[in-house]
Amino acid sequence: MNLTEIALLALAGLNIVLLLALLLRKPPAADSSGLERLERELRREISESARTGRQELGNSFATFQRTLVQQSAEATRTQNTQIDAFAQQLAQLQRSLSDTLSTQLQALSESNARRIGEVRATLESQLLQLQQSNAAKLDEMRQTVDEKLQTTLEARLGESFKQVADRLEQVHKGLGEMQSLAQGVGDLQRVLSNVKTRGMFGEVQLENLLEQVLTPEQYGKQIETKPRSNQRVDFAVRFPGRSADGAPVWLPIDAKFPRDDYERLLDAHERADPLAAEASAKALEARIRSEAKSIAENYLAPPHTTDFAILFLPIESLYAEVLRRPGLMDSLQRDYRVTLAGPTTLLAMLNSLHMGFRTLALEQQASEVWKVLGAVKTEFERYGEWVARIREQVQKASDTLDKADTRTRQMRRALKVVEALPDAEAQALLPLTGEGDEA
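Fair warning: this is a prediction, and the values are worked out from it, not measured in the lab. (Residues numbered from 1 in each chain as written. Predicted model: local features only at pLDDT ≥ 70, side-chain atom pairs only at ≥ 80, totals over all residues. Heavy atoms only, no water.)

*Asks:* Is there a simple way to think about the overall build of the chain in this case?
*Replies:* A tally of regular secondary structure across the chain gives 10 helices and 5 strands. With 439 residues in all, the chain has 19% of them scored as buried. Look at the contacts in the chain between residues 6 or more apart in sequence, and 64% of them connect residues 24 or more apart. Within the structure as shown, the chain displays about 33,000 Å² of accessible surface, and the carbon and sulfur contribution to it stands at 57%. (Helix = DSSP H or I, 4+ residues; strand = E, 2+ residues; numbered from the N terminus. Buried < 20%, exposed > 50% of the residue type's maximum accessible area, 1.4 Å probe, protein only. Contact = heavy atoms within 4.5 Å. Areas by Shrake-Rupley, 256 points an atom, 1.4 Å probe, with all protein chains shown as cover.)

Structural data, given as structure tokens:
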């Protein structure tokens, strides 16, 4: 609140006080002229008091203004003095603070420089130690790696050399086996060059085929199929005889291996010489015809033998080459009653013969089976009589059991009113007398 407002408030208060004072005065006799005069006096007094108050207030305000101006000037001078003093103190404080900061910064710089030097020295020494340690460890690692590489390399090289040695040994062994095989082939060549040995080769292969299909009782070896001829066939299959004496019927099988003629034929084919090939084929055909004629004359003698014989060729290629000759197979069967067979063909023939033997055995056993069935029928009739007797006895036993069951039910109905005793008292009154009762 400023001075003007304070003065106005004081003047208003003074007017209010004067007004109250006039009102509190004792009023004169109530007449209109007196009232008007009183009102005029009151107004005059109020205006005079207001004018006096305004004058006093103006004087007081002027005095207050002069005093305020003087106080403001003095306060400004005092404030300027204080500001100058504060500025001087602030300047001194700034200079002191600057000096202190400079001193501290210099000390801090020197301390940091010393510490940085110490840290640098420590780092250099540690780096030197680390380099020395790393160098030592690298040397150790290099030495270890060198040792392991050397050991691994030696082991791998040793294994490789061992494998190579094993392979070389296997190769050497294979070469030895090949040499042995070549020697064996040469021996086989020499063996097969002998006529008797070639015959043995065919006989061995024929015997293997017979052993695979037939039982030893179903064929024979070196059999004189033609009586009193002193000629023995290589193998003969035994057929059941139908004569009274039970003598068997033989199927002659003779193995032949015309190797020389066959090799000349192969050589002619390799040389692409048709004339030589045709001549060799004719020679082979003549040889086969000659062997078939010999088999027919020496081994076929019906009814002691079958009406035909088998000429066995032990090599499939030889058998196929013979079959290629037109009309040769039919001519041998028609003229000499001889059938050609290779290993596969003979195996099929032997299987067929084996099935025929089984069928014949079943036919021979059929009569015996009928006899056994007749005996079983006779015994079955007796068995029927025994079953009838057993049925009568069982029926009687069943009737007896039914009667016993009926009597048991009647006894239970009669004993319903009787109270049952405990097991101990019942056993005391009716003791067990035998093992069957105890059970």
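Resuming the write-up.
*Asks:* What am I meant to see in a nonpolar patch on the surface here?
*Replies:* A grouping of Leu97, Leu101, Leu105 and Leu108 is seen on the molecular surface, where their side chains present a nonpolar patch of about 380 Å² in accessible area. Residue classification places leucine 101 among the partly exposed residues on the basis of a relative accessible area of 41%. (Patch = residues over 30% accessible without salt bridge, like charges linked within 9 Å, V, L, I, M, F, W, Y side chains within 5 Å. Salt bridge = Lys/Arg side-chain N within 4 Å of Asp/Glu carboxyl O.)

*Asks:* I'm lost on helix H7 (residues 328-335) in this one. Help?
*Replies:* Think of an α-helix as turning once every 3.6 residues; residues three or four places apart then point the same way. Where H7 is concerned, the buried positions are Leu328, Ser331 and Leu332. Summarising the axial view, the buried residues of H7 lie within an arc of 100 degrees, below the 170-degree limit, and thus occupy one face. The inward-facing, buried residues of H7 abut helix H5 (274-299), helix H6 (316-323) and strand S5 (338-341). Looking one or two places after H7, you find arginine 337, whose phi comes out positive at around 55 degrees. (Arc of directions from axis to C-beta.)

*Asks:* How should I be thinking about the sheet that holds strand S4 (residues 309-312) in this particular structure?
*Replies:* Sheets are built from strands that pair by backbone hydrogen bonding, the pairs being arranged parallel or antiparallel. Strand order across the open sheet formed by 5 strands is S1-S2-S3-S4-S5, with mixed pairing between neighbours. The sheet terminates laterally at strand S1 (219-223) and S5, the two strands that pair on one side only. The mean angle between the axes of side-by-side strands here comes to 30 degrees, regardless of whether they run parallel or antiparallel. Pairing of strand S3 (residues 249-255) with S4, which is carried by 3 bridges, proceeds in the parallel orientation. By the bridge assignment, alanine 255 is partnered in S4 with phenylalanine 312. (Pairing = 2+ DSSP bridges. Axes fitted to C-alpha atoms, helices over the stretch in contact; angles between N-to-C directions.)

*Asks:* Is there a simple way to think about the pairing of S5 in this case?
*Replies:* Look at any regular strand and the pattern is simple: side chains alternate between the two faces of the sheet. Of the two faces of S5, both are covered, the one formed by Val338 and Leu340 as well as the one formed by Thr339 and Ala341. Examined bridge by bridge, S4 and S5 share 4 bridges and lie parallel to one another. When the bridges of S5 are listed, alanine 309 appears paired with valine 338.

*Asks:* When you look at the pattern of salt bridges in this model, what are you seeing that I'm missing?
*Replies:* Any two side chains of opposite charge can pair if their charged atoms end up close together. In total, this model carries 14 salt bridges according to the counting rule given. With a closest N to O distance of 3.2 Å, glutamate 285 and arginine 325 form a salt bridge. With glutamate 285 in helix H5 and arginine 325 in the loop between H6 and H7, the pair connects residues that are 40 residues apart, well separated along the chain. With a relative accessible area of 16%, glutamate 285 lands in the buried category. Overall, arginine 325 belongs to the buried group, its relative accessible area being 17%. Here the salt bridges do not stand alone but share partners, grouping Asp254, Lys256, Asp261, Arg264, Arg287 and Glu291 into one network.

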